[in-house]
Each structure stands twice: as structure tokens, then as C-alpha cells.
Amino acid sequence: MEEQPILELRDVVKDFGGVRAVDQCSLRVMPGAVAGLIGPNGAGKTTLFNLVSGAMPPTSGEILFRGRRIDGMRMHQTFELGLVRTFQIPREMKRMTVLENLMLVPAPQLGERPWTSWLIPWMVDRQERRIESQALEVLEFVSLSHLADEYAGNLSGGQKKLLEFARTLMAQPRMVLLDEPGAGVNRTLLRELSAGILRASVERGITFVIIEHDMRLVMALCDPIIVMANGAVIAEGPPSNVQQDPRVLEAYLGSSFSGAA
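Below or above, wherever it landed, is the structure these notes cover. (Residues numbered from 1 in each chain as written. Predicted model: local features only at pLDDT ≥ 70, side-chain atom pairs only at ≥ 80, totals over all residues. Heavy atoms only, no water.)

## As for the side chain of E8
You can see E8 is positioned in strand 1 (residues 7-16). At 3.3 Å, the side chain of E8 and the side chain of R10 are in polar contact. The contacts of E8, once residues within four sequence positions are left out, are L27, R28, E62, I63 and L64. (Helix = DSSP H or I, 4+ residues; strand = E, 2+ residues; numbered from the N terminus. Polar contact = N/O pair within 3.5 Å; in protein donor to acceptor, adjacent residues only side chain to side chain. Contact = heavy atoms within 4.5 Å.)

Below you can see the structure in the form of C-alpha cells.
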């Protein structure tokens, strides 16, 4: 029996007035994969993320997550199903510590209701200690433990990307959509981020789909690679195949791509 994809798009279309940003897009992502989504600027990659995550509805077509249709759902609904996305620009709480940024993620929390702190303070305290323990474990996982008490606004750009990644892990997701995790990140932190993604995939069973323009990162990290151009998927497969696909070379990457690996 064939394994069911964790994410499937069937003939998805997104129109903005007279402009078609996503054009009859169909793809499948299998559980546990670290899939790369690449293509030229304007190919429709971020729009596709917005459709899958629930930031906007498709014009037509179907989006299935773990066999369930999610097209038309809002972001908080897809989040509750275990589908989490990040953005090109990290959205950390600048005036809170790194640890506090992580502790905000799990929901619902007893301490969010004013009366619980009066009536069942021991339960609030127990939950808070459990969340703190989970946050510290995640910080250790992404090599940010030494910055637990630092204000998030003081982090470097690369450290903020690691923090964003850590916040997704706090949500205990089934799938993470990462939007350009390598942008503005130095090579040392990029290696740490890549290692964290691979570990999360293997050890935690998390599936990743990654928009990225750094071809060295994509070739080393992702399999399969899905290529978009003009709103449609034009190629997909392992890096070695995509690298040599004439449609990919013609549409986007050119001869420089063939040596990217």
C-alpha cells in the first residue's frame, strides 16, 4: 500500500485580479521529507506558502494536509492541525528574552485566564515549569541555550532565524514551511540551522518544505526539490535530476546551477 502524502495540492489556482500567481499547481510531499521549493522571483513560491498555511484562500483547487482538505481554513486552524510556517523576516518579541519567546508558543495556557492564578495557582505553576523545561530543551537542540536570558531584539540576524526555528519546534508541528531560512545568515549559523532541520526531520519526524535561493544549501539539505516558474511546478525530484533538467536550466538557473552542488 502506497504511503499517503502529508501534503498534497491538486490543480491549485490563485488569481489576483487579472494576474494568475499560482497556475494549476499540483504536488505531493511525503512524511518526513525535507523538500526544497525553488524558482525565480515571482514564480509563486510565497503565494503557495500563503495558500497552504491559510493566510489566503485559493481561487480553485484542493489542498490536503494529512488527508484532510484545508483550502479555505485560516492560519490558526492549520496551526492547530500541526502545520506551521515562518516568514522571511523573523517576528520575534524584541523586548522579551529568548526563553520567554519560546514559552509564549504553546496554547492554551492556564495562566492566560485571570481567575486560574487565584483559584488553581499550583496548576498554573506546574504547567509553566513544564513549558519552561520544554523551551530549555528546544534551545539546547538549536544551540541557543547560552542566549536564553538575552533579549530577542539583541540577537544577530542569524540568531533570530535560529530563534524562529526554535519557536516552530515549540509548537510540536507535523510540518513546517520555512521561508528563506538562509537569508542573511552567516555560514557558521547556517550549518547549525541545517543540522537542526535534519535532526528535527529524523528524530522528531517533522516534514519540512523550504523556500530558499541559496543553491548550495538546497542541494545539500533538500530531497526532493520542487521547481516553480510562472506559478506552476515545472520539475521535481532528487537534486541530481533537477540540476540537469533542461526546463529548470532554461526557466531559472542557467549554467551556474549545474555546478552548485
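## Topic: the layout of surface pockets
When its volume is computed, the largest pocket comes out at roughly 380 Å³. In terms of lining residues, the largest pocket is bounded by 16 residues, among which M75, F79, V84, R85 and F87 are the most central. At four residues, helix 2 (residues 75-80) tops the list of elements feeding residues into the lining of the largest pocket. Partitioned by chemical class, the residues of the lining of the largest pocket number seven nonpolar, five polar and four charged. (1 Å grid on protein atoms, 1.4 Å probe; cavity = no way out; pocket = protein on both sides within 12 Å on 5 of 7 lines; lining within 4 Å. Points joined across faces, edges and corners; volume = space filled by probe spheres on them. Nonpolar A, V, L, I, M, F, W, Y, C, P; charged D, E, K, R; others polar.)

## Describing the sheet that holds strand 10 (residues 232-237)
The strand order across the open sheet formed by six strands is 6-7-8-3-9-10, and the pairing between neighbours is mixed. Two strands in the sheet have a free side with no partner beyond their single neighbour: strand 6 (83-85) and strand 10. When the angles between neighbouring strand axes are averaged without regard to direction, this sheet yields 20°. (Pairing = 2+ DSSP bridges. Axes fitted to C-alpha atoms, helices over the stretch in contact; angles between N-to-C directions.)

## What about helix 7 (residues 187-204)?
Taking 1.5 Å as the rise per residue, helix 7 with 18 residues should run 26 Å; its terminal C-alpha atoms sit 25 Å apart, in good agreement. Turning to helix 7, its buried residues are L189, L190, L193, S194, G196, I197, A200 and S201. Taken around the axis of helix 7, the buried residues stretch over an arc of 155°, which confines them to a single face. Exposed residues on helix 7 whose side chains face more than 90 degrees from its buried face are R191, V202 and E203. The N-cap residue of helix 7 is N186: its side-chain oxygen and the backbone nitrogen of T188 are 3.1 Å apart. Immediately downstream of helix 7, the backbone of G205 shows phi near 70°, a positive value. (Expected span 1.5 Å × (residues − 1). Buried < 20%, exposed > 50% of the residue type's maximum accessible area, 1.4 Å probe, protein only. Arc of directions from axis to C-beta.)

## Quick look at the pattern of salt bridges
Within the structure shown, the criterion is met by 15 salt bridges. We note a salt bridge from K160 to E92, for which the minimum N-O separation is 3.2 Å. Of this pair, K160 sits in helix 6 (residues 157-170) while E92 sits in the loop between strand 6 and helix 3 (98-103), placing them 68 residues apart in sequence. The same class applies to K160 as to E92, namely buried. Between D214 and R187 there is a salt bridge whose closest N-O contact spans 2.7 Å. Residue D214 is located in the loop between strand 8 (207-211) and helix 8 (215-221), and its partner R187 is located in helix 7; the two are separated by 27 residues in the primary sequence. (Salt bridge = Lys/Arg side-chain N within 4 Å of Asp/Glu carboxyl O.)

## As for the packing of helix 6 against helix 7
Where helix 6 meets helix 7, the axes come as close as 9 Å, and the angle between the chain directions of the two elements is 10°. When the axis of helix 6 is compared with that of helix 7, the two are roughly parallel. Taking contact as the criterion, the partners of G158, Q159, L162, F165 and L169 in helix 6 are, on helix 7, L189, E192, L193, G196, I197, A200 and R204. Across the contact of helix 6 with helix 7, the residue classes tally to seven nonpolar, three polar and two charged. (Parallel < 35°, antiparallel > 145°, perpendicular 65-115°, else oblique.)

## Describing the sheet that holds strand 4 (residues 60-65)
Across the sheet, which stays open at both edges, the four strands sit in the order 2-1-4-5 with antiparallel pairing between neighbours. Each having just a single partner strand, strand 2 (19-29) and strand 5 (68-69) make up the two edges of the open sheet. Sheet topology note: the strand 1/strand 4 ladder contains five bridges and is antiparallel. Bridge pairing in strand 4 links E8 to L64.

## With respect to the nonpolar core
Core analysis: the largest hydrophobic core is formed by 46 residues, its most contacted members being L102, F165, L169, I197, F208, I210 and I225. Take this core: its biggest share by element is six residues, from helix 6. Summarising the domain contributions, this core has at least three residues from each of domain 1 (7-91 + 171-253) and domain 2 (93-154). Core analysis: the next-biggest nonpolar cluster, separate from the first, contains 28 residues, V22, M56, I70 and M228 among them. (Core = buried A, V, L, I, M, F, W, Y, C linked by side-chain atoms within 4.5 Å. Domains from an automatic or database assignment.)

## Regarding the pairing of strand 9 (residues 225-229)
Most of strand 9 sits inside the fold, with five of its five residues counted as buried. Here strand 9 shows two buried faces, one formed by I225, V227 and A229 and the other by I226 and M228. In the sheet, strand 3 (residues 34-38) pairs with strand 9 via three bridges, with the strands oriented parallel. Of the residues in strand 9, the one forming a bridge with L37 is I226. Pairing of strand 9 with strand 10, which is carried by five bridges, proceeds in the antiparallel orientation. Across the sheet, V227 pairs through a bridge with A235, a residue of strand 10. As consecutive antiparallel partners, strand 9 and strand 10 are separated by two residues, and within that stretch N230 has a phi angle of approximately 55°, a positive value.

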